[in-house]
Amino acid sequence: MANEQDLLSTEIVNRGIESSGPNAGSLTFSVRVRRRLPDFLHSVNLKYVKLGYHYLINHAIYLATVPVLVLVFSAEVGSLSREEIWRKLWEDARYDLATVLSFFAVFVFTLSVYFMSRPRSIYLIDFSCFRPSDDFKVSKEEFIELARKSGKFDEGSLEFQKRILESSGIGNETYIPKSVIASADNCATMKEGRAEASAVMFGALDELFEKTRIRTKDVGVLVVNCSIFNPTPSLSAMIINHYKMRGNILSYNLGGMGCSAGVIAIDLARDMLQSNPNNYAVVVSTEVVGYNWYQGRDRSMLIPNCYFRMGCSAVLLSNRRRDYRRAKYRLEHVVRTHKGADDRSFRCVYQEEDEQGFKGLKVSKDLMEIGGEALKTNITTLGPLVLPFSEQLLFFAALVWRQFFSSGGGGGVPNTKKPYIPDYKQAFEHFCVHAASKGVLNELQRNLELSERNMEASRMTLHRFGNTSSSSIWYELAYLEAKGRVKSGDRIWQLAFGSGFKCNSLVWRSMRHNRKPARSPWLDCIDRYPLQF
């Protein structure tokens, strides 16, 4: 466990000119103390590295024997001329036809078994992100004013939310259900929840089906994830009913799994496609903001009100080999980390009622530390799968050195030398980090040593759309496409984390140069970004 002092950072805040008192007319300042992510790359646990090397160990026999066989075959063939090779083949075929046929039979059989047993490639045909109408657009000032008029919050709660918004990294064009805070009545009802869910899900799906031009009855797998709102019939049933999908569709509804559930939904869809050939899968990721809007005074439960905004993504996956040419991306890796066995991690984001009986999400002050531990585990597992061999070798050597030779030159003095930090920029061209908050993005950038350009999609998504929960990583990918930055062969890392506590990663490889899309939530504003903060 990191020392408490190591998890704190200080910031000098300008409070403006003092209006009254003995210091009237003078500038005033205060020191703000924040909790931050632990420096997790300095405390990597060796057991998590073994998970990442699992693939390499399982295939070590192939990696060791294939080069040897190739060298032996090359040496044997290289000693013969072309005429001698053809004469030898002809003589073998002429005098020992049974041997030749047996060889080819074994070869064809082995090749067939290999291709039939290997996992099918999963392609991402296209995706869409819902953009609400301007009627739902609310600036930070309007947010506070509407909250005040609703009569649901006292002045202390309003002031706290105002301070959070000012430092959140969220802009003035995000979307929320106005009815939630513009009315004194309880609008967090099943009726309002279904209305919001229908608007965002059907909006994203309509655009997806229009883009891909597939029939809704062609979809064989449907996965929907929404953490808070889980009605009966389910959200997946709402979609099936609305689009009149086929009766044998494999539908799944994931609830209560937080902001990283979008990655889990992709993983589930992948597993379903692996066992159901020649199929399409649709993954819908959303969060119904209004249904869990908190109306009380507990400050740890007011934080989600300030960050979460309306949003939804819809993704079309395929395992059909003929979709290779029209697919945008191919799924390379999925790495999932779950820290739920630890009680602090389990309760760091917890839905409950406050003393007044108002329900909401309670965010623990230890969230940054817990999130850092989950991130450490996840990226350590992912590293051996994606990093170049040189980076893996340097990282592994540095890790073993610190593990077994952690003492200094004498007297048991700890080794304070900074460990080698893998350069993930050599593994990925693009980064889509869950747009949780400005503070979290800052700490991730510092720990992973990423550039401003690497973090641009995440920061701009947070500014323009806020924290849209599990769909935020798709708004970020849409940003990169709208900028025309995704080229053929590029690798994209989508990193998301959420309650449980979970941290999950997706790795995609671009199949082609993705030109500026005809439909995107960024089209009318992409030229204004990136902003300089």
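Residues numbered from 1 in each chain as written. Predicted model: local features only at pLDDT ≥ 70, side-chain atom pairs only at ≥ 80, totals over all residues. Heavy atoms only, no water.

### A word on helix α7 (residues 155-166)
Then comes step 1: Helix length check: α7, at twelve residues, gives a terminal C-alpha distance of 17 Å against a target of 16 Å (1.5 Å per residue), a fit within 8%.
Then comes step 2: Every buried residue of α7 is accounted for by Ser157, Leu158, Phe160, Gln161, Ile164 and Leu165. All buried residues of α7 lie within an arc of 160 degrees about the axis, which places them on one face of the element. Among the exposed residues of α7, those oriented more than 90 degrees off its buried face are Glu155 and Glu166.
Then comes step 3: Buried residues along α7 sit in contact with α6 (140-150) and α12 (299-307). (Helix = DSSP H or I, 4+ residues; strand = E, 2+ residues; numbered from the N terminus. Expected span 1.5 Å × (residues − 1). Buried < 20%, exposed > 50% of the residue type's maximum accessible area, 1.4 Å probe, protein only. Arc of directions from axis to C-beta. Contact = heavy atoms within 4.5 Å.)

### Quick notes on a nonpolar patch on the surface
Then comes step 1: A surface patch of nonpolar side chains, about 310 Å² in accessible area, is lined by Phe104, Phe107 and Val108.
Then comes step 2: Within the secondary structure, Phe107 is located in helix α5 (residues 97-117).
Then comes step 3: Here Phe107 falls in the partly exposed class, since its relative accessible area comes to 47%. (Patch = residues over 30% accessible without salt bridge, like charges linked within 9 Å, V, L, I, M, F, W, Y side chains within 5 Å. Areas by Shrake-Rupley, 256 points an atom, 1.4 Å probe, with all protein chains shown as cover. Salt bridge = Lys/Arg side-chain N within 4 Å of Asp/Glu carboxyl O.)

### Observations concerning the sheet that holds strand β3 (residues 123-129)
Then comes step 1: Strands sit in the order β7-β6-β8-β9-β3-β10-β15-β14-β13 across an open sheet of nine strands; the sheet is mixed. Each of the sheet's edge strands pairs with one partner strand only, and the pair in question is β7 (250-254) and β13 (430-433). Within the sheet, the average angular offset between the axes of one strand and its neighbour, ignoring direction, is 20 degrees.
Then comes step 2: Contacts between helix α10 (residues 235-243) and the sheet are confined to β6 (219-226), β7 and β8 (280-286), with β6 contributing the most and set at about 135 degrees to the helix. (Pairing = 2+ DSSP bridges. Axes fitted to C-alpha atoms, helices over the stretch in contact; angles between N-to-C directions.)

### Things to note about the nonpolar core
Then comes step 1: Counting 130 residues, the largest nonpolar core has Met201, Ile239, Leu317, Trp474, Trp508 and Trp522 as its most contacted members.
Then comes step 2: In this structure Trp522 touches Met460, Thr461, Arg464, Phe465, Tyr475, Ala478, Tyr479, Ala482 and Tyr529, once residues within four positions along its chain are discounted. (Core = buried A, V, L, I, M, F, W, Y, C linked by side-chain atoms within 4.5 Å.)

### What about the confidence of the model for the protein chain?
Then comes step 1: Mean pLDDT for the protein chain: 83, with 75% of residues reaching 70 or above.
Then comes step 2: Long-range and interchain partners of residues 1-8, a stretch whose pLDDT sits below 50, account for 14 contacts in this model, where long-range means more than four residues apart.
Then comes step 3: Contacts of residues 409-414 to residues separated by more than four positions or lying in other chains number six contacts, the stretch itself having pLDDT below 50. (pLDDT = per-residue confidence, 0-100.)

### Things to note about empty space enclosed by the protein
Then comes step 1: Under the definition given, this model contains one cavity of 30 Å³ or more.
Then comes step 2: Forming the walls of the largest cavity are 13 residues, and the residues nearest its centre are Phe127, Lys211, Ala478, Glu481 and Arg519.
Then comes step 3: The set of elements that each furnish at least two residues to the lining of the largest cavity consists of β3, α9 (190-212) and α18 (472-482).
Then comes step 4: The biggest single contributor to the lining of the largest cavity is β3, with four residues.
Then comes step 5: A class-by-class count of the residues in the lining of the largest cavity yields five nonpolar, two polar and six charged. (1 Å grid on protein atoms, 1.4 Å probe; cavity = no way out; pocket = protein on both sides within 12 Å on 5 of 7 lines; lining within 4 Å. Points joined across faces, edges and corners; volume = space filled by probe spheres on them. Nonpolar A, V, L, I, M, F, W, Y, C, P; charged D, E, K, R; others polar.)

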